Amino acid sequence: METVDALRDLEQINVLKNYLKEHSYRDYLLFVVGINTGLKISELLLIKVKELFNSDGEMKDFYHYSELESERRKSVYLNKKVKEAVKSYLDQVDSEQQIYLFQSRKFKQPITRQQAYRIIHEAAVKVGIEGKIGTNSLAKTFGFHAFKQGVSIALLQKHFNHSTPAETLKFLGITKEDLITTQIDVNL
């Protein structure tokens, strides 16, 4: 399996977002949820719409799921960008027919991992992003930018279920030679 890169440049991320939004809001949503939660593509594709909302119809702050390998319960934060994208998408589709968040247009099943890869990879090619970009780039982008903003490698290691901090740094594509300035803004 070929390794892919994180999207390190915020401008590239925004260009990709704009491209995906113009072509398919579902595909844009896939990208936004992926880069803002750090979930694996297999976990992203299994999100059911009803799992994102409370009984009163309000969107939850955390998405709770069972990890595929261990069946351990985990949670990811649904930030403002994710919530806005989900609500906008659900306003555009028949929410009564929408079981999975990333549902196929033909069937009431999620899109396949291969289709998700094609969506992300082809969009990156179309907008001229160089490097190896695929579905794993979403989680790597999340981790890289979280680390850059001061999230500890230990927390990211736990999030990605890695056994060592070195494994997490390698996953994120961060080497000892990289000079990454973290921006820790306490802003009291």
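Structural data are supplied above this passage.
Note that the structure is a prediction, hence the values are computed from the model and not measured.

This brings us to the pairing of strand S2 (residues 73–77). Burial along S2 is one-sided: the face carrying Lys 74 and Val 76 is buried and the face carrying Arg 73, Ser 75 and Tyr 77 is not. Sheet topology places strand S1 (residues 62–66) next to S2; five bridges connect them, and they run antiparallel. Bridge pairing in S2 links His 64 to Ser 75.

Here His 145 shows up in helix H6 (residues 136–148). Among the polar contacts made by the side chain of His 145, one reaches the main-chain carbonyl oxygen of Leu 7 at a distance of 2.8 Å. Discounting chain neighbours no more than four positions away, the residues touching His 145 are Leu 7, Arg 8, Leu 10 and Ile 13.

All right, on to helix H1 (residues 10–23) then. Here H1 contains 14 residues, and its C-alpha end-to-end distance of 20 Å stays within 8% of the 20 Å for a straight helix at 1.5 Å per residue. On its buried side, H1 packs onto helix H2 (25–37), helix H4 (80–92), helix H5 (113–126) and H6. Between a side-chain oxygen at the N-terminus of H1 and the backbone nitrogen of Glu 11 the separation is 2.8 Å; the capping residue is Asp 9.

Next up on the list: the side chain of Lys 17. Its place among the elements puts Lys 17 in helix H1. Buried and unpaired, Lys 17 has no salt bridge, with Glu 84 as the nearest side chain of opposite charge at 8.5 Å. Lys 17 has contacts with Tyr 28, Phe 31, Val 32, Ile 35 and Lys 81, leaving out every residue within four places of it along the chain.

Under the criterion given, the structure shown has three salt bridges. In this structure, Asp 27 engages Arg 26 in a salt bridge whose closest nitrogen and oxygen atoms are separated by 3.1 Å. Given the relative accessible area of 5%, Arg 26 is considered buried. Linking Glu 84 and Lys 80 is a salt bridge whose minimum nitrogen-to-oxygen distance equals 4.0 Å. Of this pair, Glu 84 and Lys 80 both sit in helix H4, four residues apart, roughly one helical turn. Here Lys 80 falls in the exposed class, since its relative accessible area comes to 62%.

Before going further, it helps to examine the packing of aromatic side chains. Following the criterion strictly, the structure yields five aromatic pairs and no others. Both rings, one in Phe 160 and one in Phe 171, keep their centres 4.9 Å apart while their planes meet at 55 degrees; by these two values the pair is tilted. Pair noted here: Phe 160 is in helix H7 (residues 153–160) and Phe 171 is in helix H8 (residues 165–172), with a separation of 11 residues, a long-range link. When its relative accessible area of 9% is taken as the criterion, Phe 160 is described as buried. Judged by its relative accessible area of 18%, Phe 171 is buried. Pairwise contacts between aromatic rings join Phe 142, Phe 160 and Phe 171 into one cluster.

Criteria and cut-off values
- Chains are numbered independently. Their residues run from 1 in the order of the written sequence.
- Local features in a predicted model are, by the rule used here, given only for residues with pLDDT of at least 70; side-chain atom pairs are given and counted only at 80 or more, and totals for whole chains, interfaces and linings are based on all residues.
- Only hydrogens and water are set aside when side-chain values are computed; all heavy atoms of the structure are taken into account.
- Buried residues are those whose accessible area, probed at 1.4 Å on protein chains only, stays under 20% of the maximum for their type, while exposed residues exceed 50% and partly exposed ones sit between those limits.
- The helix count covers DSSP runs of H or I at least four residues long, the strand count covers runs of E at least two residues long, and both are numbered beginning at the N terminus.
- When DSSP finds two or more bridges between a pair of strands, those strands are recorded as paired.
- We call two N or O atoms a polar contact when they sit within 3.5 Å, provided that within protein one can donate a hydrogen and the other can accept it, with sequence-adjacent residues counted only if both atoms are side-chain atoms.
- Any two residues whose heavy atoms approach within 4.5 Å at even a single point are treated as in contact.
- Every helix has an expected span of 1.5 Å times one less than the residues it contains.
- His is not counted, nor are the chain ends, whereas Lys and Arg count as positive and Asp and Glu as negative.
- Salt bridge, as used here: a side-chain nitrogen of Lys or Arg that lies within 4 Å of a carboxyl oxygen of Asp or Glu.
- Classification of ring pairs rests on two measures: the distance between centres of Phe, Tyr or Trp rings, Trp counted by its six-membered ring, which must be within 6.5 Å, and the angle between planes, read as stacked under 30 degrees, edge-to-face over 60 and tilted in between.

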